[in-house]
Amino acid sequence: MLPWLQRRWPLPLFVLIGCVFLWPVLFSNKVFVPAGFLKYLAPWSSISAPDARPPWNPLMYDSVGQFYPWRKFAADSIRSGTIPLWNPYQFCGTPFVANSQSAVFYPLNFIYYIVPIERAAGINVLLHLILAASFMWLFLRELGVSNGGGAIGGITYAFSTWQVTWLHLPTFLATSCWLPLVLVLTRRLFVNSGANPIARVLSLGICLGICILGGHLQIAFYVVLAAILLAIYCILFPADIDSQDTGETGSNRLQIRSRTLVGKMARLVAALVIAGMIAGPQVLSSLELSRQSHRRTAPSAAGYAAYTAYAVSPGALATLFVPDMFGNPSAAVKDSASGRIVSTYVGQSRGGMYFNYAEGAMYVGLLPLCFAAFAVIRRRQEGRLIPYFGGLAILSLLLALGTPVDALFYFYLPGFGQSGSPGRSLVLWAFALAALASLGYEKAAKDNATPVKTAVVSFIALGLFGICVYYLALSQLPDGIRADSGFGRQLVFLAISAGFLLLLCLGKARTGAIAIAPFVLLIADLFATGINYNPTSPPGEVYPSTAAIDAMRDSARHDRIMPINRNWSFAGPQAILPPNGAMVFGLRDVQGYDSLFPGQYKDFMNRLAGQDSSPQEVGNMVFAKNPMSPLTESTGVKTVASLEPLSLPGAAERFVDGIYLYTLSSARGRASYLTARGTTTPVDWLEDAGTRVSLGTMTDSPATLRLADQFYPGWVATIDGSPATIERDGIFRKVSVPAGKHVLRFTYCPSAFQFGLYLMLIAFASCACYIASEFSRGIQARIDEAASR
């Protein structure tokens, strides 16, 4: 065991660092869910004071407002033996697996299915932080870097501000952690060795497929882009490819090299195909929904301008040195006027709009920055891919800053215009800087040429760049805002980093106790910036049930609720049971919040509201704003909730937990029959699950059953087991039913998902057959060897 630890000591180090980073949720009664944001929202706002609420952070709210309900719904469905293909609780029903961030098929999400959701969130983060650091270490070891250099790279990548500020949105880390391993396997495709090429193709395909299933397609695209660029780099600089001499010369060698490269590129394409097959159920479902989603628009000059307007401001480059140059969302002060706790963060996008801290997070630590500059300036390191990492870092910055490079992807890559902000390309920056930092450390620690001059040049270059971007950032700060938040601390870290690099170059810090200094300094630097960024909560604060919620459940039953919301401010919203919150309590809501949902529903809700149903701040959120609309009844609403009193004829009013609740006793509900005489009758609910709805019918004459669930491809109907036709009733469904007593059943199993599932099974079956074949071949070889003795 001890030799194993000596060879791989960074791995337990990563586990230890991750446990320290997440100690509140591992060693105390806290969960990794920012439930404090619920205190802004009714009914929970009625039991919390304004000064007890954390500073509002829209992206971090998504953890409790989107991901917690999604993970709970998926876990409840899986535990009951159902694949959650359909979400019946939002948007009057909407595809669920087709929302890629549901990540239902991501293997490591099994944690949510066996551990309570509140606890699973922290375990999931810890696991993926360890994987991110370990895969980065493995990648650097493949390049010949020592354990120490690999540890520097692993810690930098896993605990950079880009990773840390996105931890509450689990699909980011679940996708980005696989980037280093994907590049390990991509590089192996272009290295001549005795390894079986089929095994390498399958390994890369499986890894890429898992990465895509992680749930964030934009980050997965950047992973695939990095792999393709690495393949191109290996072709242009084929040092590894020619490592085995063929014995040929001249034109014959050129022909052999050409055939080799074509073959290896074909292997890369094959790996991408396998990845697509493995991720088939997720990807094909998402593609089907994207073709009819609310975000489906053709690329345009106006759309591109809006996309780049939310890019990272050039002045934000100062945060490479001072991460809190524009403040920090976790640093809060009490506003004397409102009594609220507000953030000190004042960052703006390139277009001058509100800008979330995480969207421009590029800080990787000052010591890694020094090491990276040193590696680039002293770049001669055979087989270490320094030009590749440097180019990847520059490309990621150009994309994040909204330069014309974005236009190549926005206009010429289908679907890219529907992705998130440009700043998310900084995942490549964090990876590239972590790799360069590792290589810089390695060069300084092992170079016998005593490269002090290179270190001095690195300091000067970094200093000049830092001064320029610092004063550029100063010019963008609002009047009266301090620009030196943490500035003194950063100067200390920079001075110590510079001093350590000089000692390393002089050979004074390569052995002994001082050799652990870079790890201590790096951890202290990154923890000082990120350890307090992500809030935690007591388990009891995560969606506690209240009297108002119980009242809504009692009155709605199989029918829908309609919370009336009109405000959603970046300063902190005033809303009631916001979109997706109803999922936690099994309430069917007309609202919804998702990055991908049918465009027909957005159009319907716009007509119901008489205006844009989305708040200006969040285009992916749909509110119900007008309960008096004649379209309200068609949604199957039986209960209306409002923060203000409403005048609803014939509705019974109650006031509970600061909420006005109205029961619409005369509403026809979610399912009803319309006879030829124009009368409606109720139905018997036999089953009301996500992908199955069964209704008992009994009429004296032929009738039309109307179900106020959204019409969407993949739903089929049967009457007493015989196929029936589902027709459109606006955006809802209706079925003609004959007279008499019958059972009408709706079932959801879309063809895109079925085809994707077949592809996944074929891919896994092929992999299993190959593994079994290789295993039996190995067994036979051992038998033959034993017999020959």
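Structure shown above.
Below is a summary of the structure that appears in this document.

Examining the nonpolar core
Okay, step 1: If you look at the biggest cluster of nonpolar residues, it comprises 237 residues, and the most contacted ones within it are W178, F389 and F746.
Okay, step 2: Tallying contributions element by element places helix α19 (residues 426-446) first for this core, with 16 residues.
Okay, step 3: If you look at the next biggest cluster of nonpolar residues, it comprises 23 residues, including F91, I564, A624 and V637.

Description of helix α15 (residues 301-309)
Okay, step 1: Taken residue by residue, α15 has Y304, Y307 and T308 as its buried positions. One side of α15 carries all its buried residues, which in axial view fall inside an arc of 90°. Residues of α15 that are exposed and point more than 90 degrees away from the buried face comprise A302 and A306.
Okay, step 2: If you follow the buried residues of α15, they end up packed against α12 (217-236) and α18 (405-412).

Some words on empty space enclosed by the protein
Okay, step 1: Throughout the structure, instances matching the rule amount to 5 cavities of 30 Å³ or more.
Okay, step 2: Approximately 120 Å³ is the volume found for the largest cavity.
Okay, step 3: Within the residue set of the lining of the largest cavity, elements represented by two or more residues are α4 (58-79) and α6 (117-142).
Okay, step 4: In terms of residue class, the lining of the largest cavity is built from 10 nonpolar, 2 polar and 1 charged.
Okay, step 5: For the second largest cavity, the full set of lining residues is L85, P95, V97, A98, S285, E288, Y712, Y748, P750 and F753.
Okay, step 6: Its residues assigned to classes, the lining of the second largest cavity shows 8 nonpolar, 1 polar and 1 charged.

Observations concerning α18
Okay, step 1: Within α18, the full set of buried residues consists of D406, A407, F409 and Y410.
Okay, step 2: In the core, the buried residues of α18 are packed alongside α12, α15 and α17 (386-400).

Quick word on the sheet that holds strand β11 (residues 659-664)
Okay, step 1: A sheet is described by the order of its strands in space; here 5 strands give the open sequence β6-β5-β9-β11-β10, paired in mixed fashion. A single partner strand is all that each edge strand has here, and the edge strands are β6 (588-589) and β10 (651-656).

Here we look at the environment of L522
Okay, step 1: The topology assignment puts L522 in helix α22 (residues 517-530).
Okay, step 2: Take L522: its relative accessible area is 1%, and that puts it in the buried class.
Okay, step 3: In this structure, the C-alpha to C-alpha distance between L522 and V364, residues 158 residues apart in sequence, is 9.2 Å.
Okay, step 4: When near neighbours in sequence (up to four residues on either side) are disregarded, L522 contacts I152, I155, T156, V364 and P368.

A closer look at unusual backbone geometry
Peptide bonds are, in most cases, trans, and in most cases residues other than glycine have a negative phi.
Okay, step 1: In this structure, P43 follows A42 across a cis peptide bond, with omega equal to 10°.
Okay, step 2: Within the element layout of this structure, P43 appears in the loop between α3 (23-27) and α4.
Okay, step 3: Even without being a glycine, N580 presents a positive backbone phi close to 80°.
Okay, step 4: Along the chain, the position of N580 falls in the loop between β5 (560-563) and α24 (581-584).
Okay, step 5: With phi around 55°, D720 is a residue other than glycine that occupies positive phi space.
Okay, step 6: Mapped onto the elements of the fold, D720 is located in the loop between β17 (715-719) and β18 (722-724).

Here we look at the sheet that holds strand β15 (residues 692-699)
Okay, step 1: Taken together, the 5 strands give an open sheet; going across it, the order is β14-β15-β21-β17-β18, and neighbouring strands pair in antiparallel fashion. Taken across any chain shown, the strands that pair with only one partner, and hence form the sheet edges, are β14 (684-688) and β18. Sheet twist, expressed as the mean angle between neighbouring strand axes with direction ignored, is 25°.
Okay, step 2: Sheet topology note: the β15/strand β21 (residues 740-748) ladder contains 8 bridges and is antiparallel. Residue pairing for β21: G696 is matched across the bridge by V743.

A few points about the environment of T403
Okay, step 1: Tracing the sequence through the fold places T403 in the loop between α17 and α18.
Okay, step 2: Residues T403 and I47, spaced 356 residues apart in sequence, show a C-alpha to C-alpha distance of 47 Å.
Okay, step 3: When sequence neighbours within four positions are dropped, the list of residues in contact with T403 reads Y304, R350 and L398.

Examining the side chain of T635
Okay, step 1: Along the chain, the position of T635 falls in the loop between β8 (621-622) and β9 (637-642).
Okay, step 2: A polar contact is formed between the side chain of T635 and the backbone oxygen of T632, at a distance of 2.6 Å.
Okay, step 3: Contact partners of T635, with chain neighbours within four places excluded, come to C92, R560, M562, V590, F604, L608, A708 and F732.

Thresholds, definitions, all that
- Residues numbered from 1 in each chain as written.
- Predicted model: local features only at pLDDT ≥ 70, side-chain atom pairs only at ≥ 80, totals over all residues.
- Heavy atoms only, no water.
- Core = buried A, V, L, I, M, F, W, Y, C linked by side-chain atoms within 4.5 Å.
- Buried < 20%, exposed > 50% of the residue type's maximum accessible area, 1.4 Å probe, protein only.
- Helix = DSSP H or I, 4+ residues; strand = E, 2+ residues; numbered from the N terminus.
- Arc of directions from axis to C-beta.
- Contact = heavy atoms within 4.5 Å.
- 1 Å grid on protein atoms, 1.4 Å probe; cavity = no way out; pocket = protein on both sides within 12 Å on 5 of 7 lines; lining within 4 Å.
- Points joined across faces, edges and corners; volume = space filled by probe spheres on them.
- Nonpolar A, V, L, I, M, F, W, Y, C, P; charged D, E, K, R; others polar.
- Pairing = 2+ DSSP bridges.
- Axes fitted to C-alpha atoms, helices over the stretch in contact; angles between N-to-C directions.
- Polar contact = N/O pair within 3.5 Å; in protein donor to acceptor, adjacent residues only side chain to side chain.

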